[in-house]
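Summary of the model geometry
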Amino acid sequence: LKLAILISGRGSNMKALLEAARDPSFPAKPVLVLSNRPDAKGLETAADEGIPTAAIDHKTFGKDREAFERAMNEHLETAGVEIIALAGFMRVLTPWFVNTWEGRMINIHPSLLPKYKGLDTHQRAIDAGDAEAGCTVHWVSPGVDDGEIIQQASVPILPGDTADALANRILPVEHALYPEALAKACESIKARA
Ligand code: GRF
């Protein structure tokens, strides 16, 4: 399936997906990396990997979220995209965009959903005294971080952990989980077709 990865920043999860997709037997082929921030570091990484990139600056659309999304959608359609992976994409999507891509868009979130939707997940898990934290790949539905779970992985929270230390423990686990979960999502789309 033709894959678009949507990013806003560093793009380390994007990189993990691009690396997995170098294997010709991987079920998703990256055709586009799209960022809402023109200065996203991940855009350079993608270009270095030879993947077409586009930057669509949401700020140029003012408060009109749908106009921004329609601009993104044109790029996605032109590239023939069949599945979208959100990877650190920091814009909330409208119901219009989510419905347009329903069942064809996934996201990675750094918590054991349904716990800690939204931001600051690592600190919230530490503050709650949880023994474990982790990451989740899920289908995107209109509620933020709310869709059906595809796969999760957990790590221990250690005494004295800071949010940064915990994030650094979870990130490599995200990089291993996301390609696996994306492959699973592709299989489920193919099975549906
Ligand atoms: C990751 O922790 C991801 O789970 C969250 O945002 C972060 C993005 O990091 N949604 P990167 O851009 O993939 O390096």
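Just so you know, these numbers come straight off a predicted model, no measurement behind them. (Residues numbered from 1 in each chain as written. Predicted model: local features only at pLDDT ≥ 70, side-chain atom pairs only at ≥ 80, totals over all residues.)

The end-to-end C-alpha separation of helix α3 (residues 65–78) is 20 Å, in line with the 20 Å expected for 14 residues at 1.5 Å each. Next to the buried residues of α3 lie β1 (2–7), β2 (29–35) and α4 (95–100). Note on α3: the residue one or two positions beyond its end, glycine 80, has a positive phi of about 70°. (Helix = DSSP H or I, 4+ residues; strand = E, 2+ residues; numbered from the N terminus. Expected span 1.5 Å × (residues − 1). Contact = placed C-beta atoms within 7 Å.)

Turning next to the UniProt feature "binding site: (6R)-10-formyltetrahydrofolate" (unreviewed entry) in the chain. Within this numbering scheme, the UniProt entry marks Arg65 and Asn107 as carrying the feature "binding site: (6R)-10-formyltetrahydrofolate" (unreviewed entry). A tally of 16 C-beta atoms within 10 Å means that arginine 65 is categorised as partly exposed. You can see asparagine 107 is positioned in strand β5 (residues 105–109). Asparagine 107 gets classed as buried once you count the C-beta atoms within 10 Å, which come to 25. Excluding anything up to four places from it in sequence, asparagine 107 contacts Leu86, His138 and Val140. (UniProt positions renumbered as here; feature names shortened; annotations may be inferred. Buried ≥ 20, exposed ≤ 12 C-beta atoms within 10 Å, placed from the backbone.)

Another point: the environment of alanine 87. For alanine 87, the position within the fold is in the loop between β4 (83–86) and α4. The exposure class of alanine 87 is buried, given the 26 C-beta atoms found within 10 Å. For the pair alanine 87 and alanine 20, spaced 67 residues apart in the sequence, the C-alpha separation amounts to 14 Å. With residues up to four places along the chain from it excluded, the contact list for alanine 87 reads Ile5, Leu6, Ile7, Gly11, Asn13, Met14, Leu17 and Ile108.

On to the UniProt feature "site: Raises pKa of active site His" (unreviewed entry) in the chain, then. Per the UniProt annotation, the sites labelled "site: Raises pKa of active site His" (unreviewed entry) are Asp145. In this structure, aspartate 145 sits in the loop between β6 (132–139) and β7 (149–156). A residue is classified by how many C-beta atoms lie within 10 Å of it, and aspartate 145, with 19 of them, is partly exposed. When sequence neighbours within four positions are dropped, the list of residues in contact with aspartate 145 reads His109, Leu113, Lys117 and Gly118.

What follows covers the sheet that holds β2. The pairing of strands in a sheet comes from backbone hydrogen bonds and takes either a parallel or an antiparallel form. The mixed open sheet is built from 7 strands, whose spatial order is β3-β2-β1-β4-β5-β6-β7. Each edge of the open sheet carries a strand with a single partner, namely β3 (53–55) and β7. On average, each strand axis in the sheet is tilted by 20° relative to the strand beside it, whichever way the strands run. Bridge analysis of β1 against β2 gives 6 bridges, and the strand direction is parallel. (Pairing = 2+ DSSP bridges. Axes fitted to C-alpha atoms, helices over the stretch in contact; angles between N-to-C directions.)

Near the ligand you find 14 residues, and of these Arg10, Ser12, Asn13, Gly88 and Pro110 are the closest. Those elements that provide at least two residues to the shell around the ligand are α1 (12–20) and β5. The biggest single contributor to the shell around the ligand is α1, with 3 residues. Here the residues of the shell around the ligand are counted per class, giving 6 nonpolar, 6 polar and 2 charged. (Near = placed C-beta within 6 Å. Nonpolar A, V, L, I, M, F, W, Y, C, P; charged D, E, K, R; others polar.)

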